[in-house]
Protein chains: 2
Amino acid sequence: MTRPAQQSVTIVDVAKAAGVSKSTAGRALTGAGEVSARTREKVARVAAELGYRPNGVARSMITGNTETVGVVIPDMSNRFFSAALQSIARTIRQHGYELLVSSTEGEPTLERRSVEVLATKRVDGLIVAPVGGADTHHLRQLAESGTALVLLDRPAPKITGASFVSVNNIEASRLAVNHLIGLGHRHIGIISEARYDAASAGDAVPAPTVDRPSTLRLAGYVRAMADAGLTVRPEHVAHSAYSSTASYAATRRLLQTTPRVTAIYCTDNVLSVGAFAALQDSGRRCPQEVSLIGFDDHEWAPLVRPRLTVVAQPTEDIGVTAAEDLLAAIADPTREPATRLLPARLITRDSTASPDHPG
Amino acid sequence: MTRPAQQSVTIVDVAKAAGVSKSTAGRALTGAGEVSARTREKVARVAAELGYRPNGVARSMITGNTETVGVVIPDMSNRFFSAALQSIARTIRQHGYELLVSSTEGEPTLERRSVEVLATKRVDGLIVAPVGGADTHHLRQLAESGTALVLLDRPAPKITGASFVSVNNIEASRLAVNHLIGLGHRHIGIISEARYDAASAGDAVPAPTVDRPSTLRLAGYVRAMADAGLTVRPEHVAHSAYSSTASYAATRRLLQTTPRVTAIYCTDNVLSVGAFAALQDSGRRCPQEVSLIGFDDHEWAPLVRPRLTVVAQPTEDIGVTAAEDLLAAIADPTREPATRLLPARLITRDSTASPDHPG
């Protein structure tokens, strides 16, 4: 069977079948304007019989409100974002809103386009996890046009009209590194998307509303080491691109070139897959010879052996907080934007132990 | 800083600043109707300076085309759906379309609402992975109204105007079960969302365009066993709800109550997490005492020990095929809908071995 050619029941069809004028049918169906109860019932019945579907586009033109919010994220297959999405969806639905999601695959041009499409669809608000980079013009324009905007997980510098919700990345790293220091580790490696600049590390004061999560997590590592009187060695900071393959290579290299490292902190959930596999394949026993801490509590963390110790983000809380802030901003455009940094949690399993572990 | 009250630059503002009438500004910006090149340039420049954003809602009213397609899926955190989404997004973007996604969390009422919202936003087409159940009225109505519709992964009976794209679930199960039979297994358990009805198993001829994936995967197991002359024992079919916790319990129970089972085939990626954990915790050695095959090639499958053998869906192909079919249906509403069942692939790792394995 072929689909019928593009044609849907219009309000003219409903009006004709109900024996009323088009404007009367419109008033009866929208509830805008005077019409008798009897006519209203008749028009509603005829509309249902014909399968009339109100034109949301036309209705939005009149009400100026679409009861939809948009979410723009870089990667739908990343567990953090997909879990945050679920809790955003749940929260906004409880308030009668529907969610439209767009993924940017980490591409600034796709992000601009996603924001543009959702803005031209007149969503009532947007939650965006920005790709990052210097060009935030599209976000600034959006915020200045009065569309409610919440930034999720990653800040966009110079956007003053938007709230920001994220885990406290510096504290998350402190939790991980202090756990390792407490076990007796002194030579602690880190797998990071950020690059370490030894020259400026002492001066830089990274800010959650300016710097990327990877930069903040590296800064938290540097501070925790310094606070414990330990030296941060540039060769212990392994840079990795955003993929498990890159992280695998970076971890293998770190293990080969810095045999004194007895513990590794991996600062991202995608990178943790590669880091774990690399440690498995290295022939070094975990945790007897090398301890490992991952980021985010993946479904596989308790399945692997040794079970993986992780720093877990409060993913559900982050989603709920972002959604609630957005709904509040939609309801009150004069509301002050807020920065909300939620605490991480250390989940201790079997992949971390004392470096003097008897094995 | 507070956000400014909801107000955006309108075409009236642009017309005033450019010193032309509103209708001239409209013609200059949309390209519809006559206007001098000099005026067009001036209006475009002024519009850019003011940050004028064309009203997509109003434009859609005129063109009848929104260059957006919607995708409705039951679970964004399911790896199969998030991976299919990525390839759908990539494909439709190559054709100038943008993607809006909505998740139903497996709830029929949320599915109806998602479809309704996307339809009233006048998306040009929809890809839906239906929750299932008897009520497919909203999908039938959509297909009959002429909106291009492709069903993904799960069929919706009685919808004749839509294409259907899925893995060949019966063949996927045959691959898994025949692999186990080839290794010498005779007592093969299965973890399934579907329930086994021994009385009607011989008669039932499950159809990919009618039955759910779980029903088809169970049917493929039954057929492969029968074809090899092996008896399907009802106690070897362990029912599990759609969660890794339920699957954990079902697998533990299966291992305890049917000690003769030397191999287990788990028919879903969420269930595979629980099945693997249950086998680990049971004290039975894998694969020496019990072999295990999972469904879908999860990121953790090669990380766990033993590495997990799986039946992998061609997730990316499924997404591309669904997207291309939808685009073709949008371009030609008289196009015949098609059923596309793509082949699965067995990835043999270390969790399957002969039951006579020396151990």
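Everything numeric here is computed off the predicted structure, so don't read it as measured data.

Peer 1: Could you clarify how one ought to interpret the overall build of chain A in this entry?
Peer 2: Check the secondary structure of chain A and you find 13 helices and 12 strands. At 26 Å, chain A has a C-alpha radius of gyration far larger than the 21 Å of a compact globule built from 359 residues. With respect to the principal axes defined by its C-alpha atoms, chain A has extents near 90 × 45 × 30 Å. By element, 50% of the accessible surface of chain A is carried by carbon and sulfur atoms, the whole surface being about 14700 Å². For chain A, the distance from the average position of its 38 positive side-chain charges to the average position of its 36 negative side-chain charges is 5 Å.

Peer 1: Whenever I open this one, the environment of Thr147 of chain B confuses me. Can you help?
Peer 2: The residue Thr147 of chain B is located in the loop between α7 (137-144) and β4 (148-152) in this model. Put simply, Thr147 of chain B and Val123 of chain B are 24 residues apart on the chain and 8.2 Å apart in space, counted from C-alpha to C-alpha.

Peer 1: Would you take a moment to explain the confidence of the model for chain A for this structure?
Peer 2: Low pLDDT marks regions whose predicted coordinates should not be analysed in detail. All names here are of chain A. Looking at chain A, the pLDDT average stands at 88 and 91% of residues meet or exceed 70. Every residue in residues 1-7 is under pLDDT 50, and counting partners more than four places away or in other chains gives 26 contacts. Predicted complex metrics record ipTM = 0.78 and pTM = 0.81.

Peer 1: I'm lost on the nonpolar core in this one. Help?
Peer 2: Here is a general trend for soluble globular proteins: nonpolar side chains tend to be buried in one another's company. Counting 100 residues, the largest nonpolar core has Leu99, Tyr221 and Tyr265 of chain A together with Leu99, Tyr221 and Tyr265 of chain B as its most contacted members. The next biggest cluster of nonpolar side chains, apart from the first, holds 50 residues, and it includes Ile264, Leu279 and Leu308 of chain A together with Ile264 of chain B.

Peer 1: Would you explain the pairing of strand β8 (residues 263-266) of chain B in this entry?
Peer 2: Consecutive side chains along a regular strand alternate between the two faces of the sheet. Residue and element names in this part refer to chain B. Where burial is concerned, the two faces of β8 agree: the one with Ala263 and Tyr265 and the one with Ile264 and Cys266 are both buried. The sheet contact formed by strand β6 (residues 188-192) and β8 spans four bridges and is parallel. From the neighbouring strand, Ile190 faces β8, where its bridge partner is Tyr265. Bridging between β8 and strand β9 (residues 291-295) involves three bridges; their strand directions are parallel. Its bridge partner lying in β9, Ala263 is registered against Ser291.

Peer 1: When you look at the pattern of salt bridges in this model, what are you seeing that I'm missing?
Peer 2: Here the idea is simple: oppositely charged side chains can pair when their charged atoms come close. Residue and element names in this part refer to chain B. Under the definition given, this model contains 26 salt bridges over all chains. The residue Arg349 makes a salt bridge to Asp297 at a minimum N-O spacing of 3.1 Å. On the criterion of sequence distance, the pair formed by Arg349 in the segment after β12 (345-347) and Asp297 in the loop between β9 and β10 (309-312) is long-range, its members being 52 residues apart. With relative accessibility at 18%, the residue Arg349 sits in the buried group. Among the residues examined, Asp297 registers a relative accessible area of 25% and is labelled partly exposed.

Peer 1: Sorry, what's going on with the pairing of β6 of chain B here?
Peer 2: All names here are of chain B. For β6, a buried count of five out of five residues is recorded, marking the element as mostly surrounded by other parts of the structure. Where burial is concerned, the two faces of β6 agree: the one with Ile188, Ile190 and Ser192 and the one with Gly189 and Ile191 are both buried. Here β6 pairs with strand β7 (residues 237-239) via three bridges, running parallel. Its bridge partner being in β7, Ile191 is matched across the sheet by Ala238.

Peer 1: How should unusual backbone geometry be read in this particular structure?
Peer 2: Among all residues save glycine, negative phi is the norm, and among peptide bonds the norm is trans. Residues and elements named next belong to chain A. Going from Cys286 to Pro287, the amide bond is cis rather than trans, its omega being 5°. Positionally, Pro287 belongs in the loop between α12 (269-282) and β9 (291-295). Cis rather than trans, the peptide bond between Arg305 and Pro306 has omega equal to -5°. Mapped onto the secondary structure, Pro306 falls in the loop between β9 and β10 (309-312).

Peer 1: Would you take a moment to explain the side chain of Ser166 of chain A for this structure?
Peer 2: Residues and elements named next belong to chain A. Mapped onto the secondary structure, Ser166 falls in strand β5 (residues 163-167). For Ser166, a relative accessible area of 2% gives the class buried. In this structure Ser166 touches Asp153, Ile318, Arg340, Leu341 and Leu342, once residues within four positions along its chain are discounted.

Peer 1: Hey, could you run me through the packing of helix α5 (residues 79-94) of chain B against helix α12 (residues 315-331) of chain B in this one?
Peer 2: In helix packing, the relevant descriptors are the interaxial angle and the interaxial distance, both defined with respect to the helix axes. Residues and elements named next belong to chain B. α12 packs onto α5 with a crossing angle of 45° between their chain directions and a minimal axis gap of 8 Å. The orientation of α5 with respect to α12, classified from their angle, is oblique. Between α5 and α12 the crossing geometry is right-handed. Note on element contacts: α12 touches α5 through Thr315, Glu316, Ile318, Gly319, Val320, Ala323, Glu324 and Leu327, opposite Arg79, Phe80, Ala83, Ala84, Ser87, Ile88, Arg90, Thr91 and Ile92. Tallied by class, the residues present in the contact of α5 with α12 amount to nine nonpolar, four polar and four charged.

Peer 1: Could you clarify how one ought to interpret the sheet that holds β6 of chain B in this entry?
Peer 2: Whether parallel or antiparallel, the strands of a sheet pair through hydrogen bonds between backbone atoms. All names here are of chain B. In space, the six strands of this open sheet follow the order β7-β6-β8-β9-β10-β12, with mixed pairing throughout. Bordering the open sheet on either side are β7 and β12, each of which pairs with just one other strand. Taken over all neighbouring pairs, the strand axes of this sheet differ in orientation by 20° on average, direction set aside. Where β9 meets β10, three bridges bridge the pair, whose relative direction is parallel. Paired with Phe295 across the bridge in β10 is Val311. Taken strand by strand, helix α10 (residues 244-257) contacts β6, β7 and β8, and its axis lies near 160° from that of β6.

Peer 1: Is there a simple way to think about the sheet that holds β10 of chain A in this case?
Peer 2: All names here are of chain A. One open sheet accounts for six strands, arranged β7-β6-β8-β9-β10-β12; its pairing is mixed. A single partner strand is all that each edge strand has here, and the edge strands are β7 (237-239) and β12 (345-347). Within the sheet, the average angular offset between the axes of one strand and its neighbour, ignoring direction, is 20°. Against the sheet, α12 touches β6 (188-192), β8 (263-266) and β9, its axis set at about 160° to β9.

Peer 1: Can you walk me through the state of the cysteines in this structure?
Peer 2: Here, disulfide denotes a covalent bond that connects the sulfur atoms of two cysteines. Residues and elements named next belong to chain A. One pass over the structure, following the stated rule, counts zero disulfides over all chains. Free cysteine: Cys286, not disulfide-bonded; nearest cysteine sulfur from Cys266 at 12 Å. Its relative accessible area of 15% is what places Cys286 among the buried residues.

Peer 1: Where do I start with helix α5 (residues 79-94) of chain A in this structure?
Peer 2: For an α-helix, 3.6 residues make a turn, and residues three or four places apart therefore share a direction. Residue and element names in this part refer to chain A. Between its first and last C-alpha, α5 extends 23 Å over 16 residues, near the 22 Å set by a 1.5 Å rise per residue. Burial analysis of α5 places 13 of its 16 residues in the buried class, which makes it a mostly covered element. Between a side-chain oxygen at the N-terminus of α5 and the backbone nitrogen of Phe80 the separation is 2.8 Å; the capping residue is Asn78. Just downstream of α5 lies Gly96, where phi reads positive at about 80°.

Cut-off values and rules
- The residue count restarts for each chain, going from 1 along the sequence in the order it is written.
- In the order they appear in the text, chains get letters beginning with A and ligands get numbers beginning with 1.
- Local features in this predicted model are restricted to residues whose pLDDT is 70 or higher, and side-chain atom pairs enter the listing and the counts only when it is 80 or higher, whereas totals over whole chains, interfaces and linings include all residues.
- As a rule here, side-chain values cover all heavy atoms of the structure and leave hydrogens and water aside.
- Under the DSSP-based scheme used, a helix requires at least four consecutive residues in state H or I and a strand at least two consecutive residues in state E, with every element numbered from the N terminus.
- Throughout, the radius of gyration refers to the C-alpha atoms, and the reference size of a globule is 2.2 Å times the residue count to the power 0.38.
- Under the convention used here, a 1.4 Å probe and the Shrake-Rupley method define accessible areas, while residue burial counts only the protein chains that appear.
- Within this scheme the basic residues Lys and Arg register as positive and the acidic residues Asp and Glu register as negative, but His and the chain ends are omitted.
- The atoms used to mark charge sites are NZ of Lys, CZ of Arg, CG of Asp and CD of Glu.
- A residue's pLDDT is simply how confident the predictor is in it, with values from 0 to 100.
- Only heavy atoms matter for contacts: two residues are in contact if any of them lie within 4.5 Å across the pair.
- Buried residues of nine kinds, namely Ala, Val, Leu, Ile, Met, Phe, Trp, Tyr and Cys, make up a nonpolar core once their side-chain atoms join them within 4.5 Å.
- Note on classification: 1.4 Å probe, protein chains only; a residue is buried when its accessible area is under 20% of the maximum for its type, exposed when over 50%, partly exposed between these limits.
- Note on pairing: DSSP must find at least two bridges between two strands before they are called paired.
- Between Lys or Arg on one side and Asp or Glu on the other, a salt bridge is scored when a side-chain nitrogen of the former is within 4 Å of a carboxyl oxygen of the latter.
- Here, axes are lines fitted to C-alpha atoms. For helices the fit covers the stretch in contact, and angles between N-to-C directions go from 0 to 180 degrees.
- Working definition: roughly parallel below 35 degrees, roughly antiparallel above 145 degrees, roughly perpendicular at 65 to 115 degrees, and oblique for all remaining angles.
- Whether a crossing is left-handed or right-handed is set by the direction in which the near helix is turned from the far one by less than a right angle, anticlockwise for left-handed and clockwise for right-handed.
- Under this grouping Gly is polar, as are all residues other than the nonpolar Ala, Val, Leu, Ile, Met, Phe, Trp, Tyr, Cys and Pro and the charged Asp, Glu, Lys and Arg.
- By disulfide we mean two sulfur atoms from cysteines, separated by a distance within 2.5 Å.
- Multiplying one less than the number of residues by 1.5 Å gives the expected span of a helix.
- Whenever two N or O atoms come within 3.5 Å, that pair is a polar contact, provided that in protein one can donate a hydrogen and the other can accept it, and provided that, for residues adjacent in sequence, both atoms are side-chain atoms.

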